Amino acid sequence: MKSLLRLVLFAALAANIFLSLAVEESGLQITLSFAAGLAALASGIGLWVLRGPRESRSGM
């Protein structure tokens with residue numbers, strides 16, 4: 001599950017960078033960029049929720 005979330009995270013980040021550089025600014029670019037950002041945030045939150053007990057402790 002974590003590997004799938006990592007794949008989605010990196011794909012969404014790459015898509016967001018590509019959309020900001022290669023596609024001219026329009027309503028479609030804004031919508032696709034929003035969807036890619038939302039996917040990146042959702043997968044990042046999913047990875048944060050699924051972290052193990054050892055990963056959640058800081059300073060130990």
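All values reported here derive from a predicted model rather than from experimental measurement.

(A) Highlighting the environment of leucine 7. Inspection of the secondary structure puts leucine 7 in helix α1 (residues 2–22). Each C-alpha atom, one on leucine 7 and one on threonine 31, is 21 Å from the other, the two residues being 24 residues apart in sequence.

(B) Structural context of a nonpolar patch on the surface. Where nonpolar side chains cluster on the molecular surface, the patch consists of Met1, Leu4, Leu7, Val8, Ile45, Trp48, Val49 and Leu50 and spans about 850 Å² of accessible area. Residue position: isoleucine 45 is located in helix α2 (residues 27–49). On the accessibility criterion, isoleucine 45 (52% relative accessible area) is exposed.

(C) How the structure looks around the packing of α1 against α2. Between α1 and α2, whose axes approach to 8 Å, the crossing angle comes to 155°. By the criterion of interaxial angle, the relationship of α1 to α2 is roughly antiparallel. By crossing handedness, the relation of α1 to α2 is classed as left-handed. From α1, Lys2, Leu5, Arg6, Val8, Leu9, Ala12, Leu13, Ala15, Asn16, Leu19 and Ser20 reach across to α2, where they touch Gln29, Leu32, Ser33, Ala36, Gly37, Ala39, Ala40, Ser43, Gly44, Gly46 and Leu47.

(D) Region of interest: the nonpolar core. Ranked by size, the top nonpolar core spans five residues in total: Leu5, Leu9, Ala12, Ala40 and Leu47. Elements represented by at least two residues in this core include exactly α1 and α2. Of all the elements, α1 adds the most residues to this core, at three residues. Discounting residues that sit within four places of it in the chain, leucine 9 has contacts with Ala40, Ser43, Gly44 and Leu47.

Conventions and cut-offs
Residues numbered from 1 in each chain as written. Predicted model: local features only at pLDDT ≥ 70, side-chain atom pairs only at ≥ 80, totals over all residues. Heavy atoms only, no water. Helix = DSSP H or I, 4+ residues; strand = E, 2+ residues; numbered from the N terminus. Patch = residues over 30% accessible without salt bridge, like charges linked within 9 Å, V, L, I, M, F, W, Y side chains within 5 Å. Areas by Shrake-Rupley, 256 points an atom, 1.4 Å probe, with all protein chains shown as cover. Salt bridge = Lys/Arg side-chain N within 4 Å of Asp/Glu carboxyl O. Buried < 20%, exposed > 50% of the residue type's maximum accessible area, 1.4 Å probe, protein only. Axes fitted to C-alpha atoms, helices over the stretch in contact; angles between N-to-C directions. Parallel < 35°, antiparallel > 145°, perpendicular 65-115°, else oblique. Left-handed = near helix turned anticlockwise from the far one by under 90°. Contact = heavy atoms within 4.5 Å. Core = buried A, V, L, I, M, F, W, Y, C linked by side-chain atoms within 4.5 Å.

Limitation: the analysis is restricted to geometry and does not speak to function.
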